[in-house]
Amino acid sequence: AKTWILAKHFDGFPKDSDFELKVEELPAPRDGEVLLEALFLSVDPYMRPYSKLRMSEGDVMIGSQVAKVIQSKNPAFPVGSHVVGQCGWRSHTVCDGKDLVPIMPGWPQDVSLSLALGAIGMPGLTALYGIEEVLGLQKGETLLVNAAAGAVGSVVGQLAKIKGCKVVGSAGSDTKVAFLKELGFDEAFNYKTVGSLEEALKKASPDGYDCFFENVGGPFSSVAIQQMKNFGRIAVCGSISTYNDTTPQTGPFPQLTMILKQLKMEGFMQSRWEHKHPESLKRLMGWFKEGKLQCREHITRGFEKMPAAFMGILQGENIGKAVVAA
Ligand code: NDP
């Protein structure tokens, strides 16, 4: 079995030498346990802040994966079945099944199981809860989303279109902007080349924004908040532009705008609505089957490339969900 370890805490942007690949012999599963083989592993932005807050040097990198049960002494997980597990960056895992969720019943044969890590998994759920539970997005409203071509953002935009909204997205390359247009975004722009972000936001929606699905943080956030309509709502999902900072950002935060426009801003984590996951995954799969939800993936092949794939998302290499095929 192969495992990626956090050899050294990240200092700024992660480096190859911060990771170490270990090879180990696994024990045979005991009663109640299973042996899993990873098929697809997720790399996600949250791993960067999480490593600092919750991990020690020498720990296995955390993360979820789609795995196949290859030996089983747990009747809940028969050999040959597939699960989503919080196993970390491991090619093989022996575990008791506590952190495993069987792949949704009725998963279509011709649909890649990797989508269970993306649009029909955690990022898709994040998009759905941000829109429905946090923003309460209504038909006819205008929504702004940044990191829009990524795993969460691309689903946010499509769900907002399903709900009959105007959608504006920003992303970091012209190829990504073209992709957003393909997905049905009404307006999209490349925030790296646009010049004035303020002007770009005004041009895309002269009347301002009812809702802002915030994935990026930093200066983008301050500028976007100024473009909200009165009583606008902001769902703070992520802050990826700050994850590699060595000193915390201190602002300026547009407090006066928040007051004068009477804005509402709420941070959230998708896990708050865990009780709704099974039903929500069915809804996401339903939209996918109807052709209303496109699920783009950025697949890296080879377990050895986990660190490269992870660093890739922090540099914006991915369009859609970044996944490693073991
Ligand atoms: P993505 O698939 O969107 O990948 C990350 C993208 O972020 C990159 O492709 C890049 O796109 C953009 N990015 C990277 N660095 C920067 C930077 N310095 N400034 C601006 N943009 C940057 O990731 P996810 O969809 O998985 O996650 C999106 C956000 O949602 C993250 O902030 C993540 O932490 C958060 N999240 C929160 C959850 C929650 O429960 N609250 C759950 C899941 C994710 P580009 O080329 O456009 O810059």
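For the structure, check the block above.
Everything numeric here is computed off the predicted structure, so don't read it as measured data. (Residues numbered from 1 in each chain as written. Predicted model: local features only at pLDDT ≥ 70, side-chain atom pairs only at ≥ 80, totals over all residues. Heavy atoms only, no water.)

Our focus in this paragraph is the overall build of the protein chain. A count of helices and strands for the protein chain gives nine helices and 15 strands. Relative to the compact-globule value of 20 Å for 326 residues, the protein chain shows a C-alpha radius of gyration of 20 Å, a close match. In terms of overall dimensions, the protein chain has C-alpha extents of about 60 × 45 × 35 Å along its principal axes. Scored against the burial criterion, the 326 residues of the protein chain give a buried share of 52%. Contacts in the protein chain between residues at least 24 apart in sequence constitute 67% of all its contacts with a sequence separation of at least 6. Counting only carbon and sulfur atoms, one obtains 52% of the accessible surface of the protein chain, whose full area is about 15200 Å². (Helix = DSSP H or I, 4+ residues; strand = E, 2+ residues; numbered from the N terminus. Rg over C-alpha atoms; globule rule 2.2 N^0.38 Å. Buried < 20%, exposed > 50% of the residue type's maximum accessible area, 1.4 Å probe, protein only. Contact = heavy atoms within 4.5 Å. Areas by Shrake-Rupley, 256 points an atom, 1.4 Å probe, with all protein chains shown as cover.)

Moving on, we get to the pattern of salt bridges. One pass over the full model with this rule turns up 16 salt bridges. Across the salt bridge formed by Asp-18 and Lys-15, the nearest N and O atoms sit 3.7 Å from each other. Its relative accessible area of 41% is what places Lys-15 among the partly exposed residues. Note that Glu-198 is salt-bridged to Lys-202, the shortest N-O span being 2.9 Å. Taken together, the residues span about one helical turn, with Glu-198 and Lys-202 both in helix H5 (residues 197–204) at a distance of four residues. (Salt bridge = Lys/Arg side-chain N within 4 Å of Asp/Glu carboxyl O.)

The next thing to look at is helix H9 (residues 306–314). For H9, the tally of buried residues reaches eight of nine residues, placing the bulk of the element in the interior. Against the buried residues of H9 lie strand S1 (2–6), strand S2 (19–23), strand S3 (34–42), helix H1 (47–54), strand S14 (297–301) and strand S15 (321–325).

Take the pairing of strand S4 (residues 65–72) next. Examined bridge by bridge, S3 and S4 share seven bridges and lie antiparallel to one another. Looking at S4, one finds that Leu-41 is bridged to Gln-65. Across four bridges, S4 lies against strand S5 (residues 82–85) in antiparallel orientation. Bridging across to S5, Val-66 finds its partner in Val-84. (Pairing = 2+ DSSP bridges.)

To continue, consider the site of the ligand. Looking at the ligand, there are 27 residues lining it, with Val-152, Lys-176, Tyr-191, Tyr-243 and Asn-318 nearest. Take Cys-237: an N or O atom from its main chain is 3.0 Å from a nitrogen atom of the ligand. In this structure, an oxygen atom belonging to the ligand sits 2.7 Å away from a side-chain N or O atom of Tyr-243. Burial of the ligand by the protein amounts to 90% of the accessible area it has alone, namely 900 Å². Where the shell around the ligand is concerned, the elements lending two or more residues are helix H2 (122–135), helix H3 (151–162) and H9. In terms of residue class, the shell around the ligand is made up of 15 nonpolar, eleven polar and one charged. Looking at which domains feed residues into the shell around the ligand, each of domain 1 (2–118 + 296–325) and domain 2 (122–271) supplies at least three. (Near = heavy atom within 4 Å. Polar contact = N/O pair within 3.5 Å; in protein donor to acceptor, adjacent residues only side chain to side chain. Nonpolar A, V, L, I, M, F, W, Y, C, P; charged D, E, K, R; others polar. Domains from an automatic or database assignment.)

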